[in-house]
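# Inside the fold
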Amino acid sequence: MSGFTPNRALLNPMFEGYKLEVIAQEDSVTRFGLQYRPSQVANSGRSPLSFKEVQSRITHNHLAMANNSGRCLYVDSEHRVILVDLTNDSHTPSFNVVYELATSISSPETEQVHREYPSAAFLDAGTAFVADGQGALYILALPEGGTAKLLGYFELSDSTQTTRSTPTPFRIHCATRTLDGEAVALLSSRFYGEEEPDASQTHWAASHAARFDVWAARFALPFPTQVDVPTSLDIIWRRRGQDVPISMEYDNSRKCYLLVGSSVYHDIDQPAPPSYEPSPDEIAPIPRANEKLDAATPRMPSYSWTQTSDSVTVAFPLPATTPKSNIKVTFSHKTLTVHIQGTSHVEGVPLPRYSATQLWDGIQTSTSFWTWDREGEHSFGLLTLHLDKQNEGTRWMHVFASAGTTAGEEEVPETLDPSELHLIRESLEKYTEALRSGEDMSGLGLGRGAPSLAQGEVDEEVDFSIGRVAFLTWVGEDGRSPMWSSGFGDSACSVLSTDLPGSGAGASIVVKNGIDGVLFVLDEAQAVGSQPTWTHVATFSALAFVLASKQDTRFTYHVSSKAVLAFENGSRDRGGNVYIYRGGRPGQTWAKQSVLKVGDGSAGSLLGVGTFKTAQGHTIVCLCENELVMMHNIF
């Protein structure tokens with residue numbers, strides 16, 4: 001996870017769980033019926049959508065929110081641009097039709113491509129870029145009242161995508177001002193052109209593979225006066241990848257664009273990174289004559305280990321002929337040194353060699369010791385280290401701090417001894433008996449039985465694969481990769497959450513670290529051209545674990561270090577909820593969790609979310625099919 005190194009001082013291995021903090025629904029949530037209703041129906045082409053297109057449409061945010069403003073907009077089912085003002089004195093949002101987009105007429109050429117959902121992005125509170133999902137881009141000046149003024153009308157045309165003359169449907173992700181006094185909009189579209197098929201791909205994979213383009217369109221400021229005839233967009237650079245970007249930002253301090261997605265976005269003049277597809281034999285090996293599939297012995301770990309509340313025990317297997325004088329062990333407060341001298345290596349059993357290797361946590365050197373047991377007539381003996389924890393009660397995740405990292409030590413899971421298994425089994429028996437009898441199973445005075453919010457939520461198996469694999473691709477203003485960007489696009493992380501739209505400028509991301517969610521903020525560059533660095537500023541303990549239990553999540557966003565919000569789709573009759581997980585301080589064993597109902601059964605599916613800040617706190621805005629829902633002063 002290059003570039004995302006957690007600060008261990010901000011991790012909380014003693015965290016136990018979330019406690020419910022009740023927020024009064026009637027005091028915090030208001031609903032407003034929609035006269036102009038949005039739609040998540042988009043006409044598709046004759047060919048089926050790829051899986052990644054379906055996935056991106058499910059998570060598409062239909063609500064555009066201006067930063068540090070109470071203004072947002074959406075496009076309704078009749079292609080009208082609806083401006084919503086949320087900051088008037090009556091505390092009731094106003095809905096105004098400020099512009100009507102042109103509707104295209106279907107033709108055999110347009111039916112060959114998939115239309116996108118309408119999308120929009122604010123350049124500032126008074127200027128918006130609106131894409132109709134059919135290849136046209138409108139730049140609108142938004143007055144305090146009345147209709148919008150058209151500042152520009154453009155189309156995205158690509159002669160490389162076959163010979164058709166129709167515009168290429170696209171989605172707009174963000175609009176920003178550069179330091180050069182220009183405006184740039186970042187767009188994405190599916191690539192419909194022909195590329196040479198990868199020889200390693202099967203016919204099925206080649207026919208179903210979808211590629212996506214990222215475009216940077218430039219606009220001069222102030223916007224020139226333009227007639228109603230569309231002109232071609234001024235494209236300054238273009239990249240291609242295998243998925244729709246998760247998010248895109250402009251970093252003013254580095255004069256670079258950051259593309260986050262489950263693919264690296266390469267220059268279209270360069271070949272795409274080769275993808276690996278296993279052969280049928282690798283997927284399902286079939287025994288051949290005189291072949292034993294189980295003959296290969298898996299590599300043994302270098303050591304085994306276990307722990308109690310106040311100690312860690314590490315055991316290394318060594319040849320029984322090793323003299324005690326050949327064993328050199330040195331303890332320090334934070335490191336461990338183990339050298340075995342003058343002993344020949346035995347195949348399959350690696351000899352330990354650690355030179356001032358960082359431990360997971362501190363130890364007491366005065367009471368830590370080691371023993372050497374040759375095991376009598378056996379071939380191997382055990383070198384056992386007994387490490388006394390400096391911080392009693394802290395559970396170690398690994399023996400060494402760098403375990404499991406790319407350039408660090410191997411990851412060795414903890415081995416539980418019979419006494420620990422007995423205690424765990426005894427605790428589980430008490431827990432299940434408390435569930436049957438209805439007693440307080442937490443010992444915290446939380447009442448009898450399971451919490452009502454947990455009824456029906458307990459699964460026997462928890463899916464720990466939560467999160468989206470993401471790569472970081474940096475692109476300079478001229479479209480070239482910065483000098484320092486080599487390798488950044490090749491390191492993957494698992495994204496749990498991105499910034500809630502409208503929460504302000506600046507890039508931050510919540511990355512999965514074990515079962516935790518670790519919030520990283522992109523540091524401001526000291527000079528243009530400096531390498532980007534990410535700082536760990538907060539931890540949402542066990543976030544991946546709790547998100548994995550949600551079956552209908554559509555959006556997951558965070559607002560700085562205050563909270564992570566998981567929004568349900570709400571397409572069912574019961575409506576959808578938003579689950580609010582608040583960050584805790586290091587050392588806290590519990591954090592706060594709240595739940596609010598977004599849909600009441602008649603609101604319809606959740607289509608978009610955003611936020612704006614008032615003097616009393618943040619207000620969350622939820623756009624549903626039939627209602628606009630506002631949640632006031634949540635944090």
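All values reported here derive from a predicted model rather than from experimental measurement.

## Examining empty space enclosed by the protein
Throughout the structure, instances matching the rule amount to 3 cavities of 30 Å³ or more. Computed from the structure, the largest cavity encloses a volume of approximately 70 Å³. Its residues placed into classes, the lining of the largest cavity shows 6 nonpolar, 6 polar and 2 charged.

## Quick look at the pattern of salt bridges
Here the structure, examined in full by the defined rule, presents 17 salt bridges. Across the salt bridge formed by Glu 21 and Arg 582, the nearest N and O atoms sit 3.2 Å from each other. Of this pair, Glu 21 sits in the loop between strand E1 (17–20) and helix H1 (25–28) while Arg 582 sits in strand E33 (residues 577–582), placing them 561 residues apart in sequence. Given a relative accessible area of 12%, Arg 582 falls into the buried group. For Asp 213, the salt bridge goes to Arg 240, with nearest N and O atoms at 2.6 Å. Remark: Arg 240 occurs in strand E15 (residues 234–241) and Asp 213 occurs in strand E13 (residues 212–220); sequence separation between them is 27 residues. The pair formed by Asp 213 and Arg 240 is uniform in burial state, with each residue classed as buried. Each member of the salt-bridge network shares a partner with another, and the members are Glu 21, Arg 582 and Lys 592.

## A short note on the pairing of strand E25 (residues 380–389)
As defined by bridge partners, strand E20 (residues 311–319) adjoins E25 across 9 bridges and the pair is classed as antiparallel. The residue bridging Val 314 from the neighbouring strand is Leu 385, located in E25. The sheet contact formed by strand E24 (residues 363–373) and E25 spans 7 bridges and is antiparallel. By the bridge assignment, Ile 363 is partnered in E25 with Lys 389.

## Topic: the state of the cysteines
Tallied over the entire structure, the rule returns 0 disulfides. Of all cysteine sulfurs in the structure, the one in Cys 624 sits closest to Cys 622, which takes part in no disulfide; the separation is 6.3 Å.

## Thoughts on unusual backbone geometry
Of the consecutive residues Leu 221 and Pro 222, the connecting peptide bond is found in the cis state with omega at -5°. Take Pro 222: it is sitting in the loop between E13 and strand E14 (231–232). Notably, His 79 is not glycine yet its phi reads approximately 65°, a positive angle. If you trace the backbone, His 79 turns up in the loop between strand E4 (71–75) and strand E5 (80–85).

## As for the nonpolar core
Counting 24 residues, the largest nonpolar core has Tyr 303, Val 314, Leu 383 and Leu 385 as the members making the most contacts within it. Looking at this core, the elements with two or more residues in it are E20, strand E21 (327–331), strand E22 (335–340), E24 and E25. Once you skip the residues sitting within four places of it in the chain, Leu 383 turns out to touch Val 314, Ala 315, Phe 316, Leu 318, Ile 327, Val 329, Val 338, Ile 340, Trp 370, Thr 371 and Trp 372. Membership of the second largest hydrophobic core comes to 23 residues, among which are Val 578, Leu 596, Cys 622 and Val 629.

## Quick word on the pairing of E21
With burial as the criterion, only one face of E21 is covered, namely that bearing Ile 327, Val 329 and Phe 331; the residues Lys 328 and Thr 330 on the opposite face remain uncovered. Pairing analysis gives 5 bridges linking E21 to E22, with the strands arranged antiparallel. Each residue of the ladder has a partner; that of Phe 331, found in E22, is Leu 336.

## Quick look at the sheet that holds E24
Paired through their backbone hydrogen bonds, the strands of a sheet run either parallel or antiparallel. One open sheet accounts for 4 strands, arranged E19-E20-E25-E24; its pairing is antiparallel. Of all the strands in the sheet, just strand E19 (304–307) and E24 have a single pairing partner and so form its edges. Taking each pair of neighbouring strands and ignoring which way they run, the sheet shows an average axis angle of 15°.

## With respect to the sheet that holds strand E2 (residues 29–33)
The 4 strands lie next to each other as E2-E37-E36-E35, forming an open sheet whose pairing is antiparallel. Both outer strands of the open sheet, E2 and strand E35 (606–614), are each paired with one neighbouring strand and no more. Put simply, the sheet's adjacent strands are angled 20° from each other on average, direction ignored. Where strand E36 (residues 617–624) meets strand E37 (residues 627–631), 4 bridges bridge the pair, whose relative direction is antiparallel. Bridge pairing in E37 links Leu 623 to Leu 628.

## Some details on the side chain of Thr 498
Among the structural elements, Thr 498 can be located in strand E27 (residues 492–499). For Thr 498, a relative accessible area of 15% corresponds to the buried category. Aside from chain neighbours lying at most four places away, what touches Thr 498 is Ile 246, Thr 556, Tyr 557 and His 558.

## Re the environment of Gln 364
Mapped onto the elements, Gln 364 comes out in strand E24. Taking the C-alpha atoms as reference points, Gln 364 and Ser 311, separated by 53 residues in sequence, lie 9.6 Å from one another. Aside from chain neighbours lying at most four places away, what touches Gln 364 is Asp 388, Lys 389 and Gln 390.

## A word on the packing of aromatic side chains
In the structure shown here, the tally under the stated rule is 17 aromatic pairs. Seen from their ring centres, Tyr 250 and Tyr 257 are 4.9 Å apart, and the 50° between their planes marks the pair as tilted. Across the pair, Tyr 257 and Tyr 250 agree in class, each one buried. Relative to Tyr 354, the ring of Phe 316 lies with its centre 5.9 Å away and its plane at 50°, an arrangement referred to as tilted. Taken together, the residues span a long stretch of sequence, with Phe 316 in strand E20 and Tyr 354 in strand E23 (residues 354–358) at a distance of 38 residues. Here the aromatic residues Phe 129, Phe 154, Phe 219 and Phe 223 are joined through ring pairs into a cluster of three or more. Above the plane of the ring of Phe 191 lies Arg 240, whose end atom (NZ or CZ) is 3.6 Å from the centre.

What counts, and where the lines are drawn
- Residues numbered from 1 in each chain as written.
- Predicted model: local features only at pLDDT ≥ 70, side-chain atom pairs only at ≥ 80, totals over all residues.
- Heavy atoms only, no water.
- 1 Å grid on protein atoms, 1.4 Å probe; cavity = no way out; pocket = protein on both sides within 12 Å on 5 of 7 lines; lining within 4 Å.
- Points joined across faces, edges and corners; volume = space filled by probe spheres on them.
- Nonpolar A, V, L, I, M, F, W, Y, C, P; charged D, E, K, R; others polar.
- Salt bridge = Lys/Arg side-chain N within 4 Å of Asp/Glu carboxyl O.
- Helix = DSSP H or I, 4+ residues; strand = E, 2+ residues; numbered from the N terminus.
- Buried < 20%, exposed > 50% of the residue type's maximum accessible area, 1.4 Å probe, protein only.
- Pairing = 2+ DSSP bridges.
- Disulfide = S-S within 2.5 Å.
- Core = buried A, V, L, I, M, F, W, Y, C linked by side-chain atoms within 4.5 Å.
- Contact = heavy atoms within 4.5 Å.
- Axes fitted to C-alpha atoms, helices over the stretch in contact; angles between N-to-C directions.
- Phe/Tyr/Trp six-rings, centres within 6.5 Å; stacked < 30°, edge-to-face > 60°.
- Lys NZ or Arg CZ within 6 Å of the ring centre and 35° of its normal.

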